[in-house]
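Observations on the model geometry
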Amino acid sequence: MPDRRDDLDSWLDGRINPLPPPPGTFELIKRRARRRKYRRLGVTAGVAAVIVAAAVTVPQMVILPSLNTTSAAGVANRSPAARTPVSSSVPSAAASGATPITTPAVPPVPANFQPTSVTFVGLHTGWVIGQAGTPGHCATPYCTSVARTDSAGQTWQGGPAPLAGPADGATGVSQIRFLNLDNGWAFGPGLFATHDGGQTWTQVSADGMRVTDLETVGDRAFALFASCSGSGPAFGAGCTSYTLYSSPASANDWAPVGAATSGLSAGTGAGQDGAGQDGAASIVLTGTFGYLLGPNRMLYTGPVDGSTPWHAVDSVPCATGSAQADGQPAGALLAAATATSLILACTPPAGPGGPQSKLMFSSANGGVSWQQIAMAPAAGMATSVAASLAGTVVLGTNQGIDVLAAGAGHWQQAIVAGAPAGGFGYVGMTTDSQGVAVPADPSAGAVWFTFDGGQNWQPSSIRSP
């Protein structure tokens, strides 16, 4: 009988063919594998998004000012005249709750500003000082105010002012000078200084004297300290002696320039009519040399760098006379075109109801000798004279402005838009083409500009836009 174990061994040693899976098994496995892959990708993308969101800071919206670059004839590249916040078109900033950043408001000019003096440190930037507001209702016990322009008078803004009243005898201030954007002085008859662009003002001692004139150049300031006894707004009235002082621009360190320009006495007979009137004095500075027209008809000169004392040159053709309201001489007006080219306007008093004989002189050698030039028009009492580098002479009077163009043989009356009653108390030329004038009556509330060498003048009202 055959052995059955032989059949079992044969079966175990034989090849086994597995049974096929049920239909659709492979498709099911593929679908499940795809779902697991998508789940892993979703988790990875979510984690990456969280990491990116944690690493990125949402920017805040910054609102920039709009710049008004309008210009007037003859002046370009002006500073912004107005700053107005502009809305942003980026929607995400508002949604993020960011706080917009805006430009601080420009300080307004006080109402009823009445300028008495002006100063410029270039074509665009200048300051005026005067009285503003209503007496008894000002921000301080004083109504003395300062305004600034960075657009040659197109727009103005208010600023801090010295804590002083108007010129009144030995107190107050009415004149202003700036050397640069940092250093400035308010004077006449008191003395205040700023070394931060007019943000703060400090009173400076004048040792009991009055400051009747002050000019700046280079890195120094020069001033006339006078012993006076007059009262009222004409702070230079009754002055009997003058001393020329100087100080570094960045410090309040005033000291006499030298013996020759110290204790200058007006003396008897120094008046414009020789009748014993007190004589006034004035300062004119150039880039290298300065000039002092003394109360005794003597002209003094010296370097403006403070290196050596000044010395006497010679007498001038006319007496200086008494002081005007701004401290300048009424009988002799001095101007400088260059370091050695000078102009002198001799302005004796007119007769009762008569015209004024204005004798004009020039010097090409720093006052050593003088030559008479074209006689100025008789109409109007002369108050101020200026000379440009090109040689144009501008004369301010109580009736207007007269101009003697460089090389011309006769004077022309300037065209003054909205001419103020009482004419002008000051004229000055910043460049050959640009100049500024202050009306004799401060209530005009404006200063006048020329951009064509003095031929035409336009008013600039001292007020906010």
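Residues numbered from 1 in each chain as written. Predicted model: local features only at pLDDT ≥ 70, side-chain atom pairs only at ≥ 80, totals over all residues. Heavy atoms only, no water.

In terms of helices and strands, the protein carries three helices and 32 strands. By residue count, 43% of the 465 residues in the protein fall in the buried class. A total of about 22,800 Å² of accessible surface is found on the protein, and carbon and sulfur atoms cover 57% of it. (Helix = DSSP H or I, 4+ residues; strand = E, 2+ residues; numbered from the N terminus. Buried < 20%, exposed > 50% of the residue type's maximum accessible area, 1.4 Å probe, protein only. Areas by Shrake-Rupley, 256 points an atom, 1.4 Å probe, with all protein chains shown as cover.)

Another point: the sheet that holds strand β16 (residues 282-285). Pairing within the open sheet is antiparallel, and its four strands lie in the order β16-β17-β18-β19. Every other strand in the sheet has two partners, leaving β16 and β19 (311-315) as the edge strands with one partner each. On average, adjacent strands in this sheet sit at an angle of 25 degrees to one another, irrespective of strand direction. Bridging between strand β18 (residues 298-303) and β19 involves four bridges; their strand directions are antiparallel. Paired with leucine 299 across the strands is aspartate 314, a residue of β19. (Pairing = 2+ DSSP bridges. Axes fitted to C-alpha atoms, helices over the stretch in contact; angles between N-to-C directions.)

For the rest of this paragraph, the subject is the nonpolar core. Counting residues in hydrophobic clusters, the biggest one holds 18 residues, and the most contacted among them are Phe222, Leu224, Tyr242, Leu244, Leu285, Leu292 and Trp310. Only β12 (220-228), β13 (239-248) and β16 provide two or more residues apiece to this core. (Core = buried A, V, L, I, M, F, W, Y, C linked by side-chain atoms within 4.5 Å.)

This brings us to the confidence of the model for the protein. For the protein, the average pLDDT comes to 83, and 75% of its residues sit at 70 or higher. A low-confidence stretch, residues 42-96 (pLDDT under 50), is modelled with 52 contacts involving residues beyond four sequence positions or located in other chains. Every residue in residues 268-276 scores below 50 in pLDDT, and together they form 20 contacts with partners more than four places removed in sequence or on other chains. (pLDDT = per-residue confidence, 0-100. Contact = heavy atoms within 4.5 Å.)

A cis amide bond links glycine 188 with the next residue in sequence, proline 189, at an omega value of 5 degrees. You can see proline 189 is positioned in the loop between β8 (184-187) and β9 (191-194). Although it is not a glycine, asparagine 112 adopts a positive phi angle of roughly 60 degrees. By secondary structure assignment, the location of asparagine 112 is in the loop between α3 (91-96) and β3 (114-120). When its relative accessible area of 47% is taken as the criterion, asparagine 112 is described as partly exposed.

Here the focus is the state of the cysteines. Under the counting rule described, the total for this entry stands at three disulfides. With its sulfur 1.9 Å from that of its partner, cysteine 228 forms a disulfide with cysteine 239. On the sign convention where negative is left-handed, the bridge of cysteine 228 and cysteine 239, at about 90 degrees about the S-S bond, is right-handed. Of this pair, cysteine 228 sits in strand β12 while cysteine 239 sits in strand β13, placing them 11 residues apart in sequence. For cysteine 239, a relative accessible area of 1% puts it in the buried group. Here cysteine 318 connects covalently by a disulfide to cysteine 346, the sulfurs 2.0 Å from one another. Residues cysteine 318 and cysteine 346 are joined by a disulfide whose S-S torsion is about -80 degrees; by sign, that bridge is left-handed. Of the two residues, cysteine 318 is situated in the loop between β19 and β20 (332-336) and cysteine 346 in strand β21 (residues 342-346); the sequence distance between them amounts to 28 residues. (Disulfide = S-S within 2.5 Å.)

What follows covers the pairing of strand β7 (residues 175-178). Residues of β7 alternate between two faces, with Gln175 and Arg177 on one and Ile176 and Phe178 on the opposite face, all of them buried. In this structure, β7 lies alongside β8, joined through four bridges in antiparallel fashion. Paired with glutamine 175 across the two strands is phenylalanine 187, which belongs to β8. As consecutive antiparallel partners, β7 and β8 are separated by five residues.

Another point: the sheet that holds strand β26 (residues 400-404). Pairing within the open sheet is antiparallel, and its four strands lie in the order β24-β25-β26-β27. Two strands close off the open sheet at either side, each with one partner strand: β24 (382-387) and β27 (412-413). Sheet analysis places β24 next to strand β25 (residues 393-397), joined by five bridges and oriented antiparallel. When the sheet's bridge partners are listed, serine 384 is paired in β25 with glycine 396.

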